[in-house]
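Each chain, written out:
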Amino acid sequence: MIGAGIVVVGVATGVVLAVVRNREGADTAAEVVAVAVDKGAVTLDVATTGTVEPATTRELSFAVAGTVEAVKVRAGTKVKAGQLLATVDDTDAAGDVDDAQSTLTDAQDRLADAKDSAASVTASATVCAATTGGTGGNGHLAAVGTAAVSAGEASAAVGAAATSCTTRGYPDTGNDAILNAQQSVNRAAQAVDKAEDALDGTVIKAPIAGTVVAVTGSVGDQVSSGKTFVTLADTYAMQVQADFPEADAGSLKVGQTGTVTLADHDDALTGTVVQVDPVGTSDGTLVRYGVVLSFSSPPSDLLVGQTAQVQVRVGEATGVLRVPSTAVHDISGGNGTVLVRNGSQSAQRTVAVGLRGDQYTAVTDGLAVGEQVVRSW
């Protein structure tokens, strides 16, 4: 530990050989390095480790229970969207479609018959009304007129003629045959759709392009409806999942840039923060927050589960007055203390500080370009 003071014995370019007194009272020689205040960039990064994961994972299953008939892929197989992955025996499902279609055809025929019957009744009623009623009289009324019947008798004759015509036509009233037939058609059509969906569900096709990461069965196995049979990962849009400690997570935001370094890649890859979990998880000692980064240009040889070193830039200021971060002490309330050298003398000075980065700290007031500060003291 350095004791009471520093006595200058020589000056070089930014390097001062000084005599310092330690706790035991002995004098020792030490180098005091002073650097010039300059302008430049101040950056702050946070870092952790992460894991390469697919951006999307789909768990695929058959829509019907059955016996596995074919498996076209295995773990690691790269597939295209729409590619056939596996099938189960579709004999029963195909028979159900035929039965449902036959029922629909019968229902449609009954509906057509009901409409024809209603149209026939309506046409007959129309003809009857035209030939037996009306203001000018018809054949029946003409006969009554020639017999010089009274007005009362004529009225009674008209009423009798009118009641002899069927007036119930289309649409019917009461027990509506057309309505009943239409409802039967609707139910049959729904049954056909359901049966066809079940038939479609006897095959599994890739909904996206990607890589098969798991197949849970083989030919001859009995499978249940809805149970995952193939797991497919979108390996063409890989990302990195990383957990940051609470102290760093507060400065992370969507849109920040970072770098991802993989063990088998010489160069760091550029990434962007696309998600920051709003809720952290605790291991009993430390709270961590999940963060997802997407690759700007992902390489084609990324592997699911790869370990990655992740570094995210959470602060940056350019063209600012700066000093090494080790030169600033006692930071509080936006101020800090630096040790300024003037020739062979050193004096503490309070300065206003801005962004405190990994290597440099921005100074917003109290220093000028070219002044010398002790780099570490």
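These numbers were taken from a predicted model, which means no experiment stands behind them.

Let us now look at the sheet that holds strand E5 (residues 57–61). One open sheet accounts for 4 strands, arranged E5-E12-E10-E7; its pairing is antiparallel. Where the open sheet ends on each side, the last strands, each with one partner, are E5 and strand E7 (78–79). The pairing of E5 with strand E12 (residues 228–233) spans 5 bridges and is antiparallel. Within the sheet, the bridge partner assigned to Ser 61 lies in E12 and is Thr 228.

Here we come to the environment of Leu 179. With respect to the element layout, Leu 179 can be found in helix H4 (residues 177–200). Residues Leu 179 and Ala 114, spaced 65 residues apart in sequence, show a C-alpha to C-alpha distance of 9.0 Å.

Spatially, 4 strands are ordered E9-E8-E6-E11 in an open sheet, and the strand pairing comes out antiparallel. In this open sheet, the two strands that pair with only one neighbour each are strand E9 (203–205) and strand E11 (222–223).

Take the nonpolar core next. Grouped together as the largest cluster of nonpolar side chains are 21 residues, with contacts concentrated most on Val 240, Phe 244, Leu 252, Leu 262, Phe 295, Val 310 and Val 312. Residues contacting Val 310, with those up to four places away along its chain left out, are Val 46, Ala 47, Thr 48, Gly 50, Val 240, Ala 242, Phe 244, Thr 259 and Leu 293. With 17 residues, the next largest nonpolar core counts Val 68, Ala 86, Val 212 and Phe 229 among its residues.

Segments scoring low in pLDDT should not have their predicted coordinates read at a detailed level. Across the protein chain, the average pLDDT comes to 84, with 80% of residues at or above 70. Of all secondary-structure elements in the protein chain, the lowest mean pLDDT belongs to helix H2 (residues 139–146), at 41, while strand E22 (residues 360–365) reaches the highest, 97. Scored below 50 in pLDDT, residues 1–23 shows 50 contacts in the model against residues more than four places distant or in partner chains. For residues 134–163, every residue scores under 50 in pLDDT, and the model assigns this stretch 12 contacts once sequence neighbours within four places are set aside.

Time to look at H4. With 24 residues, H4 ought to run about 34 Å at 1.5 Å a step, and its terminal C-alpha atoms sit 35 Å apart, in line with that. The opening residue of H4 is Asp 176, an N-cap whose side-chain oxygen sits 3.0 Å from the backbone nitrogen of Ile 178.

The subject of this paragraph is unusual backbone geometry. At Asp 330, a position not held by glycine, the phi torsion is positive, near 55°. Within the secondary structure, Asp 330 sits in strand E19 (residues 329–332). Since its relative accessible area comes to 61%, Asp 330 is described here as exposed.

Conventions adopted
- Throughout this description, residue numbers start from 1 for each chain and increase along the sequence as written.
- Per-residue local features are limited, in this predicted model, to residues with pLDDT of at least 70; the limit for side-chain atom pairs, both in listing and counting, is 80 or more; totals at the level of whole chains, interfaces and linings are taken over all residues.
- Hydrogens are left out, water is left out, and the side-chain values use all remaining heavy atoms of the structure.
- At least two bridges found by DSSP between two strands is the condition for calling them paired.
- Only runs of H or I of at least four residues qualify as helices and only runs of E of at least two qualify as strands under DSSP, and these elements are numbered from the N terminus.
- Only buried residues count toward a nonpolar core, which is a set of Ala, Val, Leu, Ile, Met, Phe, Trp, Tyr and Cys residues joined through side-chain atoms within 4.5 Å.
- Summary of the burial criterion: residues with accessible area below 20% of their type's maximum are buried, those above 50% are exposed, and those between are partly exposed, where the area comes from a 1.4 Å probe applied to protein chains only.
- Any two residues whose heavy atoms approach within 4.5 Å are treated as being in contact.
- Values of pLDDT, the confidence the predictor places in each residue, fall between 0 and 100.
- One less than the residue count of a helix, multiplied by 1.5 Å, gives the span that helix is expected to have.
- Polar contacts, as counted here, are pairs of nitrogen or oxygen atoms within 3.5 Å of one another; within protein the pair requires one atom able to donate a hydrogen and one able to accept it, and residues that are adjacent in sequence qualify only if both atoms are side-chain atoms.

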